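The residues making up each chain are set out below.
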Amino acid sequence: MKEIRIHGRGGQGSVTAAELLAVAAFEDGKYSQAFPSFGVERRGAPVVAFTRIDDKPIRIRSQVYEPDYVVVQDATLIDVIDVAGGIKKDGLIIINTETDTEKLKNISAKVMAVDATKIAMDVIGRPIVNTVLLGAFAGATGEIRLESIKKAVGERFSGKIGEKNVAAVDAAYKAMEAHA
Amino acid sequence: MSKLTVVEGSYAVAHAAKVCRPDVIPAYPITPQTHIVEELSQFAANGEIGACEYITVESEFSAISALIGASAAGARTYSATTSQGLALMHEVLFNASGMRLPLVMTVANRAMSAPLSIWNDHQDSIAQRDTGWIQLYAEDPQEAADMTPQVYKICEDSKIMLPAMACFDGFILTHVYEPVVLLEQDLTDEFLPPFAPEHILDPSNPKTFGAFADPSIYSEFRYMQELGMSAALKKIETVADEFNEIYGRYYGGLIDGYYLDDAEIVLVAMGSVIGTIKDVLDELRAEGKKVGLLKIRSFRPFPTDAIRNAVKNAAIIVPLDKSISIGKYEGALCTEIKASLYNTKIDIPVLGYMFGHGGRDIPPERIKKIVSEAEKAIVNGITIESSYADLREELL
Amino acid sequence: MSSKLCIGGIVEPGSTVINKTGSWRTFKPIYHHEKCIKCGICELSCPESCIIKTEDGYYEIDYDYCKGCGICSNECPRETIEMVLEEK
């Protein structure tokens, strides 16, 4: 089983990202489970959402304590939350940030940075990074096929918005693939 | 092979309610039940539930009152609620069961205030245990969805005619996205016959429902409700089998077991924690520990005989409760399991734990700790009959 | 022999007609039509609905059901209704 924890702020679509990961993993022929950490929803407040992916049906209902992967939608959260908390030894953290700053070096886990905000502004025209980070996740980890992510995103958002989000997924995937 | 789709638990349940073809849905939104009634209002607005009347009432008290009127008039009804909303319905819950109206309501289990909590435990439905409603508890979204046509079939039986709550854990199951088979309309039509009550409210043939009963006849009405519950004991089992034949899925009838046959330590639980416990038991069994799980599916009627039979060879029984009776310091399962074993030849210690109240997460480690405490109690005996397994002493 | 109970306390209507409550009376209302202005307040105020309008516009009482509560007599603006001790 692979466990993923997504950190974001209320309104950034962290829960949607977790759900789309679950849909995409299922598209890949796997079982999946996505759920929020059930906070009181407020725009801007720190939010956590989880996804589990496995080859067999998933029964466990507790939160994720030892993630294989962590996705951080907003680099300012690094100051507030231990984003590496509980991460497995060979785990990977994917962070949306403009540059590899000094701050990232203090994180006690393998970190990959992606400028998801720039990709979102360039491709979607708005700083909505959740779908961008799904592309980055697929590119960096290889856990989910790009096509499955694109299908899940395309089905969730209709029309032009859907097309732009799918294009952003593509761009982020390529950026990370080059990295990895 | 049925098709799996990744949907939210609430959607799976709303969809299940839809294919049961309800005639009237009076509902009032409350977290974490809201998504269910939102989905249903959308289905109704789209004309996907036939001539179903969706009533936007102004409170849960109105919702349950409208349910009673509609059901007495012969309509199949559906609603969903939770926590304070269910508590607001309290006095009318008695009217529904006393008038023998087979209402079906999904309860998205949530803690009671105060202190204010929107998160999951079982205090809301457990507090309604004596209202004469059937109560079943589901362990995952698929079971919660599948339970919906099952409870209609159970409670609309002419020998039963009692309202039913299909309970599933708020947030943990209402808000999870996972692969679920959405109930097929054709299979559901085959499984669930139309609602055809013997008595209905009809202006052209007037009747009184829930008439005045003086002391000379009151107890007899309560006894007849008890007979309805007894009939439900059998029906819950047969309906689970019929469901399995048509849809090919089974979750147990009144109870279910996991590694139960040779278990020395028997954990007893309801709801979403069942899944976590099953994962933990796989690990513990691999280590050679004889631990098993008794899943309580039907809390009302309480399956006393089935439980006695299931636990009779255990060395210790460990009920795990998401509710507390304050002043007794134990949860409902603990109290009822102990009561079920008294006056029998079964003399097995019962070690009760409460956990997961107000939405506190239940990690696998908590279950393992409880099992190791139970192992010690087998050897040393029980010193404390019931306690919180996850109390934060440092805050007290 | 008592009849069997139906589940849910579901009963046929009409039991009120069988139960003639007139025997409960101590005082019996008697109309003095010469003072009556046919306002109908007595009919409206009767809790048993046992005051009935007659063809000539006056009112009469169904003594099978009148319990002798005296509300009609109290409400009548013209003191048309006299409460008389019932002879039993």
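Keep in mind that what you see is a predicted model, and the values were worked out from it rather than measured.

Calculation rules
- Residues numbered from 1 in each chain as written.
- Chains lettered and ligands numbered in written order.
- Predicted model: local features only at pLDDT ≥ 70, side-chain atom pairs only at ≥ 80, totals over all residues.
- Heavy atoms only, no water.
- Helix = DSSP H or I, 4+ residues; strand = E, 2+ residues; numbered from the N terminus.
- Rg over C-alpha atoms; globule rule 2.2 N^0.38 Å.
- Buried < 20%, exposed > 50% of the residue type's maximum accessible area, 1.4 Å probe, protein only.
- Contact = heavy atoms within 4.5 Å.
- Areas by Shrake-Rupley, 256 points an atom, 1.4 Å probe, with all protein chains shown as cover.
- Salt bridge = Lys/Arg side-chain N within 4 Å of Asp/Glu carboxyl O.
- Axes fitted to C-alpha atoms, helices over the stretch in contact; angles between N-to-C directions.
- Parallel < 35°, antiparallel > 145°, perpendicular 65-115°, else oblique.
- Left-handed = near helix turned anticlockwise from the far one by under 90°.
- Nonpolar A, V, L, I, M, F, W, Y, C, P; charged D, E, K, R; others polar.
- Pairing = 2+ DSSP bridges.
- Buried area = accessible area lost by both parts, 1.4 Å probe.
- Polar contact = N/O pair within 3.5 Å; in protein donor to acceptor, adjacent residues only side chain to side chain.
- Right-handed = clockwise from strand over helix to strand, strands pointing away.
- pLDDT = per-residue confidence, 0-100.
- Phe/Tyr/Trp six-rings, centres within 6.5 Å; stacked < 30°, edge-to-face > 60°.
- Lys NZ or Arg CZ within 6 Å of the ring centre and 35° of its normal.

J.: Whenever I open this one, the overall build of chain C confuses me. Can you help?
T.: When helices and strands are counted, chain C shows 3 helices and 4 strands. Beginning at the N terminus, the succession of helices and strands in chain C can be written as α-β-α-β-β-α-β. For 88 residues, the compact-globule estimate of 2.2 N^0.38 gives 12 Å, and the C-alpha radius of gyration of chain C, at 16 Å, exceeds that figure by more than 25%. Each of the three principal axes of chain C carries a C-alpha extent, and together these read 50 × 30 × 20 Å.

J.: Honestly, the overall build of chain A in this entry has me stumped. Any pointers?
T.: Summing up its helical and strand segments, chain A has 6 helices and 6 strands in all. Secondary structure elements of chain A, listed N to C terminal, follow the sequence β-α-β-β-β-β-α-β-α-α-α-α. Seen through its principal axes, chain A has C-alpha atoms that stretch 40 × 40 × 35 Å. Across the 180 residues in chain A, those meeting the buried criterion constitute 54%. By sequence separation, contacts in chain A at least 24 residues apart represent 60% of the contacts at least 6 residues apart. Carbon together with sulfur atoms contributes 51% to the accessible area of chain A, which is approximately 8,100 Å² in total.

J.: Looking at this structure, I do not really get the pattern of salt bridges. What am I missing?
T.: A full pass over the atoms with the stated rule returns 44 salt bridges over all chains. Across the salt bridge formed by Lys174 of chain A and Asp170 of chain A, the nearest N and O atoms sit 3.9 Å from each other. Of this pair, Lys174 of chain A and Asp170 of chain A both sit in helix α6 (residues 159-179), 4 residues apart, which is roughly one turn of that helix. Residue Glu242 of chain B is joined to Lys153 of chain B by a salt bridge in which the shortest nitrogen-to-oxygen separation is 2.7 Å.

J.: Got a minute to help me understand helix α5 (residues 146-156) of chain A in this structure?
T.: Turn by turn, an α-helix covers 3.6 residues, leaving residues three or four places apart pointing in a common direction. Among all positions in α5 of chain A, only Leu146, Ser148, Ile149, Lys150, Ala152 and Val153 of chain A are buried. Those residues of α5 of chain A that are buried are in contact with α1 (14-27), α4 (130-141) and α6 of chain A.

J.: Explain the packing of helix α1 (residues 9-19) of chain B against helix α2 (residues 34-45) of chain B to me, please; I cannot follow it from the model alone.
T.: A pair of packed helices is captured by two measures, namely the crossing angle of their axes and the spacing between those axes. All names here are of chain B. In the contact formed by α1 and α2, the axes pass within 8 Å of each other and the chain directions differ by 45°. With respect to each other, α1 and α2 are oriented oblique. Note that α1 runs across α2; the crossing there is right-handed. Within the contact between the two elements, α1 uses Ser10, Tyr11, Val13, Ala14, His15, Ala17 and Lys18 and α2 uses His35, Ile36, Glu39, Leu40 and Phe43. Residue composition of the contact of α1 with α2, grouped by class: 7 nonpolar, 3 polar and 2 charged.

J.: Please clarify how the sheet that holds strand β7 (residues 164-169) of chain B should be interpreted in this entry.
T.: The strands that make up a sheet are held in pairs by hydrogen bonds between backbone atoms, and each pair lies either parallel or antiparallel. Residue and element names in this part refer to chain B. With mixed pairing, the 5 strands of this open sheet are ordered in space as β4-β5-β7-β6-β12. Edge positions in the sheet fall to β4 (78-81) and β12 (298-300), since each of these pairs with one other strand and no more. Strand-to-strand twist across the sheet, computed as the mean angle between neighbouring axes with direction ignored, equals 25°.

J.: Looking at this structure, how should I read the interface of chain B and chain C?
T.: Reports of interface size often rely on the accessible area that becomes lost once the parts have come together. In this assembly, 16 residues from chain B lie in contact with 9 residues from chain C. With both sides pooled, the region where chain B packs onto chain C buries about 1,100 Å², and carbon together with sulfur makes up 72% of that total. Linking chain B with chain C are 0 salt bridges, by the criterion used here. Linking chain B to chain C there are 4 residue pairs in polar contact (both at pLDDT 80 or more).

J.: What am I meant to see in the pairing of strand β6 (residues 134-137) of chain B here?
T.: Two faces make up the sheet, and in a regular strand the side chains alternate between them. Residues and elements named next belong to chain B. Side chains Ile134 and Leu136 of β6 all project onto a buried face; the interleaved residues Gln135 and Tyr137 project onto the opposite face, where all are buried too. Handedness of the crossover joining β6 and β7 through helix α7 (residues 141-155): right-handed. Across 2 bridges, β6 lies against β12 in antiparallel orientation. Residue Leu136 lies in a different strand from β12, and its bridge partner there is Ser298.

J.: Would you mind showing me how to read the sheet that holds strand β10 (residues 265-269) of chain B here?
T.: All names here are of chain B. Judged by pairing direction, the sheet is mixed, and its 6 strands sit side by side in the order β9-β11-β10-β13-β14-β15 without closing on themselves. Only two strands of the sheet have a single neighbouring strand rather than two, namely β9 (255-258) and β15 (386-388). Averaged over all pairs of adjacent strands, the angle between their axes in this sheet comes to 20°, without regard to strand direction. With 5 bridges joining them, β10 and strand β11 (residues 291-296) adopt parallel strand pairing. Bridging across to β11, Val268 finds its partner in Leu294.

J.: What am I meant to see in the side chain of Ser79 of chain B here?
T.: When you line up the elements, Ser79 of chain B lands in strand β4. Setting aside anything within four residues of it in sequence, one finds Ser79 of chain B in contact with Pro26, Ala27, Leu67, Val104, Met105 and Thr106 of chain B.

J.: I keep staring at the confidence of the model for chain C and nothing clicks. Help me out?
T.: Segments scoring low in pLDDT should not have their predicted coordinates read at a detailed level. With 98% of its residues at a pLDDT of at least 70, chain C reaches an overall mean of 92. Confidence estimates for the predicted assembly give a pTM of 0.93 and an ipTM of 0.93.

J.: Is there a simple way to think about the arrangement of the chains in this case?
T.: Here the protein chains form 2 pairs of chains in contact, of which the pair with the most contacts is chains A and B. There is a clear gap between chain A and chain C: no contact, and 41 Å between their nearest C-alpha atoms.

J.: What's the story with the packing of aromatic side chains in this structure? I'm lost.
T.: Each aromatic ring pair is characterised by the separation of its centres together with the angle its planes make. According to the stated counting rule, one finds 10 aromatic pairs over all chains in the structure shown. On the basis of an interplanar angle of 85° and a centroid distance of 5.3 Å, the ring pair of Tyr69 of chain A and Phe137 of chain A is categorised as edge-to-face. Residue Tyr69 of chain A is found in strand β4 (residues 69-72), and its partner Phe137 of chain A is found in helix α4; the two are separated by 68 residues along the sequence. One aromatic cluster in this structure is built from Tyr137, Phe299 and Phe302 of chain B. The residue whose ring lies beneath Lys18 of chain B is Phe43 of chain B, and the NZ or CZ to ring-centre distance is 4.5 Å.

J.: Would you take a moment to explain the interface of chain A and chain B for this structure?
T.: Of the residues lining the interface, 20 residues belong to chain A; the matching set on chain B comes to 27 residues. Buried area between chain A and chain B, both sides added, is near 2,000 Å², and the carbon and sulfur share of it is 61%. Our enumeration of links across chain A and chain B arrives at 3 salt bridges. Remark: the boundary between chain A and chain B carries 9 residue pairs in polar contact (both at pLDDT 80 or more). Listing elements by their share of the side of chain A that touches chain B, those giving two or more residues are α1 and β2 (31-36) of chain A. The element that contributes the greatest number of residues to the side of chain A that touches chain B is β2 of chain A, accounting for 6 residues. Tallied by class, the residues present in the side of chain A that touches chain B amount to 11 nonpolar, 5 polar and 4 charged.

J.: Explain unusual backbone geometry here, please?
T.: Most peptide bonds take the trans configuration, and most residues that are not glycine carry a negative phi. A cis amide bond, omega 0°, links Thr31 of chain B with the succeeding residue Pro32 of chain B. Within the fold, Pro32 of chain B resides in the loop between β2 (24-27) and α2. With an omega of -5°, the peptide bond running from Ser113 of chain B to Ala114 of chain B counts as cis. For Ala114 of chain B, the location among the structural elements is in the loop between β5 (104-109) and α6 (123-126). Here the phi dihedral of Asn343 of chain B falls at roughly 65°; this positive angle occurs in a residue that is not glycine. Mapped onto the secondary structure, Asn343 of chain B falls in the loop between α12 (332-341) and β14 (352-354). Exposure remark for Asn343 of chain B: the relative accessible area of 74% places this residue in the exposed category. Phi at Ser49 of chain C is positive, roughly 50°, even though this residue is not glycine. Within the fold, Ser49 of chain C resides in the loop between α2 (41-45) and β2 (51-53).

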